[in-house]
Amino acid sequence: MTWYPNNFGLPFLPGYTFRDLSQTKFHRAQTLEYKNGYALPQCLLQGIGKDTLLTEEQIHHEMTLLSKETSNFMYGGFDDRVYDEFIPAHVILDKKVLRFFANFKEDIQHSSDEVYRVRPVVIYYFLEDDSMSIYEPAVENSGIPQGKRLKRQRVPKNKSGAFYDWKDLNLSIDLDVYGVKYRVTQCDTFTKNFMKSQGITLNEPEPMPLDPYTSYRREREPFHISPSDLDRLQRSLVVDKRVLRFYAMMDDMDTQFGESRPVIICYYLVDDTVEIKKDFERTTRRDHFPVLLRRQRLPKKMKPECDAIPRCMLDHSPAEVEEYYSPEDFQVGQSMAILGRRFVLCSCDDFTEKYYRRCYPEIPMRNIEVAKKKDFVPQSVVPSYMDLGTLEDSFQFCLSRLPSLSKGNMQNMLDNEQQVLRYTAKLDSQDPRDQDRRFLLSYNLSKDTMDIFEKPSLTTGVVGDMLMQNTTIPKPGTREFYTPMDLNVGTTVEALDQRFVLTGADHYVVSAQDVYENGKIPST
């Protein structure tokens, strides 16, 4: 441990330091304090063992005095000249780019209109790392792949491995880059000033050569069309979304299997286009193609030189059409031919009728009554019950292909829950083996279903078995089912192709028989 009061000013070398043998405390002073919950550093004024430390100003003052006292002949002199600050080249030349305008010729082999094509490009030279990139300005609808032709890189100048430098660039020279010869014609103002500052004289700039095919197209005499008196903007604002709707019949009786089909003809006033839609019947079996003729302008009269062209096979241009269909050509009660088909206009909607009365009062509107076919609604016939499942479940198959489960009478289930009428029965049969067979018939009041159980017999060897469970039993010859009013001692119940004679009942049935007509069953 160095003792500053005794050895201050001596060099910190072995043999020049002395330890204080009287020092007994060696703990370090605290350098952090907490204020409002935050740890803040504090100036350290005491060292290990609470020794007094020199402040930063005192240490700086002592170092200044020490440098002045040092002799030049001992450590040598120092150079007090002022040098310029060193700045690397990539910092000085950052974002400084030389831009040259050039062009190249592309040979066209498979065209009779042009032999070669002149394509302009822009050459960028980056002074930071002596790299180059070539970009071709994109022209809209040119059909030529344009844009970046050469990404940023150092471009080789010859086969020996040398690269292009900014000193090799000038105007009115040919620049060979990867087999493509670029003719440099112009440059921007920054490039001119930079070359001038480096002592390089630029050549005279050249004009950009014109493409011969482009010049040929510009020299062609344009034809002028007189502007139309129709204000399309005003028309779109006034008659937009206003459609004339006609209900017509397409007369196709001249063909082999022809018939009359109902259609809807829509005439759009905003652009004089026509659309024909099919009016399908609900029970028809035809394929539902909703549009017979897409929305378009219908030519009414073609020019004489174009009349020989089959219009149903080729598309027509506005230059071939002499006249289009207009609202005056659609008259209710008359027939008209559209693209080789005959249509009879039978009626129209209310808006169309008001439009013709206001704009074309001289055109008569005579509606044609068309006998409409009555919609055939097939009646569903409920088949006879096949004794498979319950009648409600079987009836669900007559209503839907995917039948749902019958929910039953919920009020009856809640009122008569766990209420069962039990009867003893025997078979009404002439077979002597059936004389000793005994059965238990149960009627569930909540579901209106019946259970038939055969009791076991030790003398005859009959094993007890459930013959019927949770099944509604219809009365013979009717669609009605057995109810508790039909179950009395002595009556016969036909089920499972057998006749069961009720021979007795339990005490609950006897007590409930008097009050069942009021819909109340005493609880067990």
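Structure: see above.
Please read all numbers here as calculations on a predicted model, not as lab measurements. (Residues numbered from 1 in each chain as written. Predicted model: local features only at pLDDT ≥ 70, side-chain atom pairs only at ≥ 80, totals over all residues. Heavy atoms only, no water.)

Asks: Looking at this structure, how should I read the side chain of T273?
Replies: Its location among the elements puts T273 in strand β11 (residues 273–278). Of the residues examined, T273 reaches a relative accessible area of 7% and is grouped as buried. At a separation of 2.9 Å, a polar atom in the side chain of T273 contacts the side chain of R295. (Helix = DSSP H or I, 4+ residues; strand = E, 2+ residues; numbered from the N terminus. Buried < 20%, exposed > 50% of the residue type's maximum accessible area, 1.4 Å probe, protein only. Polar contact = N/O pair within 3.5 Å; in protein donor to acceptor, adjacent residues only side chain to side chain.)

Asks: Got a minute to help me understand the packing of aromatic side chains in this structure?
Replies: Scanning the entire structure with this criterion turns up 12 aromatic pairs. With a centroid separation of 5.7 Å and 45 degrees between ring planes, the pair formed by Y356 and Y360 is classed as tilted. Judged by relative accessible area, which is 0%, Y356 ranks as buried. Accessibility expressed as a relative area gives 15% for Y360, which makes it buried. Here a set of aromatic residues connected by ring pairs shows up, and it is made of F246, Y267, Y325, F330, F351, Y355, Y356 and Y360. Directly above the aromatic system of Y116 lies the positively charged group of K105, at a separation of 5.0 Å from the ring centroid. Over the ring of F126 we find R152, and its NZ or CZ is 3.9 Å from the ring centre. (Phe/Tyr/Trp six-rings, centres within 6.5 Å; stacked < 30°, edge-to-face > 60°. Lys NZ or Arg CZ within 6 Å of the ring centre and 35° of its normal.)

Asks: Looking at this structure, I do not really get the sheet that holds strand β19 (residues 449–454). What am I missing?
Replies: By definition, the strands of a sheet pair up through backbone hydrogen bonds, in either a parallel or an antiparallel sense. Here 6 strands make up an open sheet; going across it, the order is β20-β19-β18-β17-β22-β21 and the pairing antiparallel. The open sheet has two edge strands, β20 (465–471) and β21 (492–495), and neither has a second partner. The average angle at which neighbouring strand axes cross in this sheet is 30 degrees, direction not considered. Relative to strand β18 (residues 438–444), strand β17 (residues 420–427) is paired through 7 bridges, and the arrangement is antiparallel. For Y423, the partnering residue across the bridge sits in β18 and is L441. (Pairing = 2+ DSSP bridges. Axes fitted to C-alpha atoms, helices over the stretch in contact; angles between N-to-C directions.)

Asks: What's the story with the nonpolar core in this structure? I'm lost.
Replies: Burial of nonpolar side chains together is a common tendency in soluble globular proteins. Counting residues in hydrophobic clusters, the biggest one holds 25 residues, and the most contacted among them are F246, I265, I276, F330, I338 and Y356. Looking at which element gives the most residues to this core, the answer is strand β9 (residues 243–251), with 4 residues. Residues contacting I265, with those up to four places away along its chain left out, are L244, R245, F246, A248, V274, E275, I276, F330, I338, F343 and L345. If you look at the next biggest cluster of nonpolar residues, it comprises 24 residues, including Y125, L127, L150 and Y182. (Core = buried A, V, L, I, M, F, W, Y, C linked by side-chain atoms within 4.5 Å. Contact = heavy atoms within 4.5 Å.)

Asks: What exactly am I supposed to notice about the sheet that holds strand β6 (residues 147–153) here?
Replies: One open sheet holds the 6 strands; their spatial order is β6-β5-β4-β3-β8-β7, and the pairing between them is antiparallel. The open sheet terminates on both sides in strands that have one partner only, identified here as β6 and β7 (173–177). Put simply, the sheet's adjacent strands are angled 30 degrees from each other on average, direction ignored. The pairing of strand β3 (residues 97–107) with strand β4 (residues 116–126) spans 11 bridges and is antiparallel.

Asks: Explain the pairing of β4 here, please?
Replies: Two faces belong to every sheet, and in a regular strand the side chains alternate between them. Counting buried residues in β4 gives 8 out of 11 residues, a clear majority hidden from the surface. In the sheet, β4 pairs with strand β5 (residues 131–136) via 5 bridges, with the strands oriented antiparallel. Of the residues in β5, the one forming a bridge with V122 is Y135. Following β4, the chain reverses through 4 residues before pairing antiparallel with β5; D130 in that reversal takes a positive phi of roughly 60 degrees.

Asks: Mind showing me how you'd approach the pattern of salt bridges here?
Replies: If charged atoms from side chains of opposite charge come close, those side chains can pair. Applying the stated criterion across every chain, the model contains 23 salt bridges. Note that R152 is salt-bridged to E128, the shortest N-O span being 3.9 Å. Here E128 lies in the loop between β4 and β5 and R152 lies in strand β6, a separation of 24 residues in the sequence. You can call R152 partly exposed: its relative accessible area is 40%. E323 is paired through a salt bridge with K300; the nearest N and O atoms lie 3.9 Å apart. One end of the pair, E323, is in strand β14 (residues 321–324); the other, K300, is in strand β13 (residues 299–302), and 23 residues separate them in sequence. Note on E323: relative accessible area 36%, which makes it partly exposed. The class of K300 is partly exposed, set by a relative accessible area of 39%. A cluster of three or more residues bridged by salt bridges with shared partners is formed by E106, E114, R117, R119 and E136. (Salt bridge = Lys/Arg side-chain N within 4 Å of Asp/Glu carboxyl O.)

Asks: So what exactly am I meant to see when it comes to the environment of K278 here?
Replies: Tracing the sequence through the fold places K278 in strand β11. Since its relative accessible area comes to 27%, K278 is described here as partly exposed. Sequence separation of K278 and V263 is 15 residues, and the distance between their C-alpha atoms is 4.5 Å. Aside from chain neighbours lying at most four places away, what touches K278 is P262, V263, F289, P290 and L292.

Asks: Would you mind showing me how to read the side chain of R117 here?
Replies: Along the chain, R117 falls in strand β4. At 2.8 Å, the side chain of R117 forms a polar contact with the side chain of E114. Non-local contacts of R117, meaning those with residues more than four positions away in its chain, are made with F104, K105, E106, I108, I144 and D211.

Asks: What is the right way to read the pairing of β7 from this model?
Replies: Side chains I173, L175 and V177 of β7 all project onto a buried face; the interleaved residues D174 and D176 project onto a face where none is buried. Across 5 bridges, the pairing between β7 and strand β8 (residues 180–187) is antiparallel. Each residue of the ladder has a partner; that of V177, found in β8, is V180. From the end of β7 to the start of β8, which pair antiparallel, there are 2 residues, and Y178 there has a positive phi angle of about 55 degrees.

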